[in-house]
Amino acid sequence: MSKIDLLQGTLDMLILRVLARGKLHGCGIVDRLSHLSEHALKLGEGSVYPSLYRMEAKGWIKPEWAASENNRKAKYYSLTKAGRKQLETEQQNWEQLSAIIAEVMQKA
Amino acid sequence: MDSLRQLASRLIGLFRRKNLEAEMVEEMRQHLEWRTQEKIAEGIAPDDARYAAQREFGGVAQFQEQCRDERRFIWVEHIAQDIRYALRQLRRNPGFALITILTLGLGIGATTAIVSMVYSLMLKPLPFHEATRLVEIYNKAAKNDLTKLPSSVAQYVDYSENAKSYEALGLWKFFEGTFDAGNSVSRLPGARATAGIFQLLRVQPVLGRFFTKDNNRPGEDKVAVLTQSFWETQFGQDPGVLEKTLWIDGEALRIVGVAPRVLEAFDARVKIIRPLTWTPQAATWRHALNVQLFGRLKPEVTIRQAMAEAGSMTRSYYDAASPSSREFMDRSGIMETVGGLQAERVESVKVGLYLLQGGVAFVLLIVCVNVGNLLLVRAQARQSEFVMRFALGASRGVIARQMLVESLVLAGVGALLGLVLAWGTLGIFNRYTAEILPQALPLTLDLRVLGFAIALTSVVAVGIGLLPVIHLLRRHLTKSMQRSRGASAGRGMRTISSILIVAQVAVALLLLTGAGLLIRAFVNAVRVEPGFDPSNVVTARIALPASHRSSDQAAKAIQERLIQSLGEIPGVSSVALSFSMPFRDRLAPYALTLAEDLRPPGSPQPMASAITVTPSYLATMRLRLIEGRFFEPPDATRGAPTFVVDESFARKFFPGRSAIGGRFSITGRPGKDAEWPTIIGVVRDVPHNGVEDRTGNPFVYQLPQWRPSGIVLFVRTARPVDVITLMREKVRSIDPMIPLFEAGTLESVLDSSLNNRRAVMVLLAAFAALALFLAALGIYGVLAYDVSQRTREIGIRGAIGATRGQVITMILKQGLWRAGIGLLIGLIGARLLCGTMTSLLFDVKPTDPMVYAGVSVLLLMIAALASYLPARRAAKVDPIIALRCE
């Protein structure tokens, strides 16, 4: 259970981070994630959607239908104020957690 | 904040589901479309491109489902699913659902109605500032068994000057006057009061002002305060109503103010309040008890202290009183006492209310037990279904949740039915209370009580509904699988349902006994001889304007005109007038003075109530003359007054000799010996104060001696149906200013005098019938289930030679031994509890063996019937079929 939670949580954080740069649609988020991770991150493209819907329900991101680069209507997501805050706390948590894990792994 | 928004978003999601669903599908379709286009642009074949895009995306349906889950209340949909499932289950077994819902509805409805009534009348605080400090000061005469007599102006004056317990005191006297609205006359209920009443109730006028102490003097009382509802209905809330004139009983009253609505909680009958006045002389008659005295206690004074003070006030009056007053007080034991306002108001119906509340508590208990039993039997029958579903992968939690929802659906529908029933019942109660407790405001449904009844039954329904599931949770699965077929139900479950049956029977017997005693008491009350023949007599009240009462001659003239003109109506054989309506007006007793008291010394104060009648009363009412003669017209003009007395009077005060020629007075010892009134006749007893009057005070009859406004007409006629209209016409032809009201047959007057008793009896009998029905249902349900589970065993018994009779006896015994134990417990309980209703019983002992035997036989018969139906089914089991089906 905890493994899934961690993964889910991490994906949420990554999406938030990506959206911090500006609004994107689902497809764009996937592109951005694989670009930034230099294609090392392997994930089913569809798995961003449950994450997006969850964060929308929590009020961290808000959707809007807008014209895409090829002039078709697409659903864009952008960060809300609450989302920005959430990103901050998650980033802090992540840094602390990875530091602790690194320390434990070295000393043990 | 965060979770709030989440909740909102999910709620919106719930309602906008279709729209969001379409958006989501479109979003993902677009994603796949773009990817496919990209790959085609890279030179991959369209089909391969689409396939690759889908592979990279992952399972579309799976992600869609996940997205949906993120958006909505999963549990709401699950519950909806469970409710649909529950409804389907209940539809498959409509008999069970119907009985359960009906049982719950009746239980919740009855409880809510009765407890709301008790709350409205007894517990709901009166809407006055610190209402617990409001008290009534009244008199009781212990030696004459008079527990509550009103007060006197003299006592008010004494308390105002000397009592230390009260912040404010006020007098209140109900009256009915003739209201002349210009184009028509009608009867208007009102009160005469002292200004202190407003002060002690702490109310402020909504318009104008209240009258003051100065208005409580003769001649100064031509003012009136309206109640708010009268102001609304009669004057349309016209603010210009002040200084207008109100014509009451031929007097012009100036309207000075409007009282707030809360005042109607003090006395709901009253429409106007006008000042009470008295002569200085009247203020010295300590025991002219004809007004109600109310007070507001000082904050630090308790009712107990006020009672002690009333006792010492009585004593100090006694110490300074004249010898004749002292003698009266010694003999009657009269003394002043104090009681809380609310407690005093409901005193007359208190025992009945408590009884009904107890009864309804038992009904609710039996309802809970019965619903529990029904659910238990049903859940048992479905044990194999649970095991099967469990084996197929349903979690225990899911099964438990479904049982819970099923119970809640039942409880919900039952509660709805209960609400409707309670509401309807309170409407009926209100018709009764308007008669029994006219000064109380109409009853209202108490939502807290309804909530409590629903909560209790739901908890029971749910709790017991879950028992089998808990059982299932504990039990080893394979064992359950093995036992799920054919074998009889668990021992534990059977013990529980046996106990429930015993409890039901015991409670049903308790209620039956109570109802049986009340029914017997009612029959006794109805059987009491009225002492006259009420059939074919029509009665009505009229109110004479002052012009007809200005002198003795005028009063006599109008009386004669009334008798003569009503006698002209075709079919009327005789007409009589009286100043009181038998069985309806409560006549206060007079303290008598006997010329020679033949009773042993130290006997209680002689008392009797006086009925003023015209000579034709004997013939019209068909009183039975036992000795001497009744009045004749010349008696009215002869010098010395005369009395006709009833049998009890003669027996009581002239023991062992004829009462004819006996002398007594109701106005004190006359100046000269020749002025003693004499007895000229003795008639059969008539219980004028209603058959339930147990004071034992006799009645005496006299000719009109004074000139009251209210007169009661009695008309004996062969055609009672259409005589009322003719009476009204005749009275109007004499003087259109005389209103005629409360017209009806004398039989209906007699009948309605038992309304209080009838209401309690009918309700308790209804509860008992309900309890009996539920107990029978319980026995039937459990035995029927038992038989269905034991088909195989019964088949074997049949195969090895048991006769039909033996099988029936076996099942009957099972039902009857449980009923027997319940009966025994119930009898003991009834013996212990029925003593509390002694005051409601009328010539019946709370241990009346007839009632106990009767209800026991009735209960056993019903139990036997309820057991016989399943027994007969058991006897029909064909051994061959029973054995083959296993």
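All of the points below concern the structure found in this document. (Residues numbered from 1 in each chain as written. Chains lettered and ligands numbered in written order. Predicted model: local features only at pLDDT ≥ 70, side-chain atom pairs only at ≥ 80, totals over all residues. Heavy atoms only, no water.)

**Thoughts on the environment of Val613 of chain B**
All names here are of chain B. When you line up the elements, Val613 lands in the loop between strand S16 (607-612) and helix H21 (617-621). Judged by its relative accessible area of 1%, Val613 is buried. In this structure, the C-alpha to C-alpha distance between Val613 and Ile711, residues 98 residues apart in sequence, is 9.9 Å. In contact with Val613, not counting residues within four places along its chain, are Leu577, Ser578, Phe630, Phe631, Tyr701, Gln702, Leu703 and Pro704. (Helix = DSSP H or I, 4+ residues; strand = E, 2+ residues; numbered from the N terminus. Buried < 20%, exposed > 50% of the residue type's maximum accessible area, 1.4 Å probe, protein only. Contact = heavy atoms within 4.5 Å.)

**Considering the sheet that holds strand S14 (residues 590-591) of chain B**
Residue and element names in this part refer to chain B. Spatial ordering of the open sheet is given by S14-S16-S21-S18-S20-S17, a layout of six strands whose pairing is mixed. Among the strands making up the open sheet, the edge pair consists of S14 and strand S17 (625-628). In terms of strand pairing, S16 meets strand S21 (residues 699-702) through four bridges, oriented parallel. Bridging from a neighbouring strand, Ser609 pairs with Phe699 of S21. (Pairing = 2+ DSSP bridges.)

**Considering the sheet that holds strand S23 (residues 740-745) of chain B**
Residue and element names in this part refer to chain B. Pairing within the open sheet is antiparallel, and its four strands lie in the order S13-S22-S12-S23. Only two strands of the sheet have a single neighbouring strand rather than two, namely strand S13 (572-578) and S23. Shown here is a sheet whose adjacent strand axes are inclined to one another by a mean of 15 degrees, direction ignored. Where strand S12 (residues 537-543) lies against strand S22 (residues 710-717), seven bridges are found, and the strand directions are antiparallel. Bridging from a neighbouring strand, Ile542 pairs with Ile711 of S22. Here helix H20 (residues 552-567) sits on the sheet in contact with S12, S13 and S22, set at roughly 155 degrees to S13. (Axes fitted to C-alpha atoms, helices over the stretch in contact; angles between N-to-C directions.)

**Concerning the interface of chain A and chain B**
At the interface, 28 residues of chain A touch 24 residues of chain B. Between chain A and chain B, a total of about 2400 Å² is buried, with carbon and sulfur atoms accounting for 52% of that surface. The tally of links from chain A across to chain B stands at four salt bridges. A salt bridge links Lys75 of chain A to Glu27 of chain B; the nearest nitrogen and oxygen atoms lie 3.7 Å apart. When contributions to the side of chain A that touches chain B are tallied by element, the ones reaching two or more residues are helix H2 (26-36), helix H3 (48-58) and strand S3 (73-79) of chain A. No other element matches the seven residues that H3 of chain A contributes to the side of chain A that touches chain B. (Buried area = accessible area lost by both parts, 1.4 Å probe. Salt bridge = Lys/Arg side-chain N within 4 Å of Asp/Glu carboxyl O.)

**A word on the pattern of salt bridges**
Residue and element names in this part refer to chain B. Within this structure, the stated rule accounts for 49 salt bridges over all chains. Notably, a salt bridge pairs Arg286 with Asp158, separated by 2.7 Å at the nearest N-O pair. Residue Arg286 is found in the loop between strand S9 (272-275) and strand S10 (292-297), and its partner Asp158 is found in helix H7 (residues 153-162); the two are separated by 128 residues along the sequence. Neither Arg286 nor Asp158 differs from the other in exposure class; each is buried. Between Glu327 and Arg331 there is a salt bridge, with its nearest N and O atoms 3.7 Å apart.

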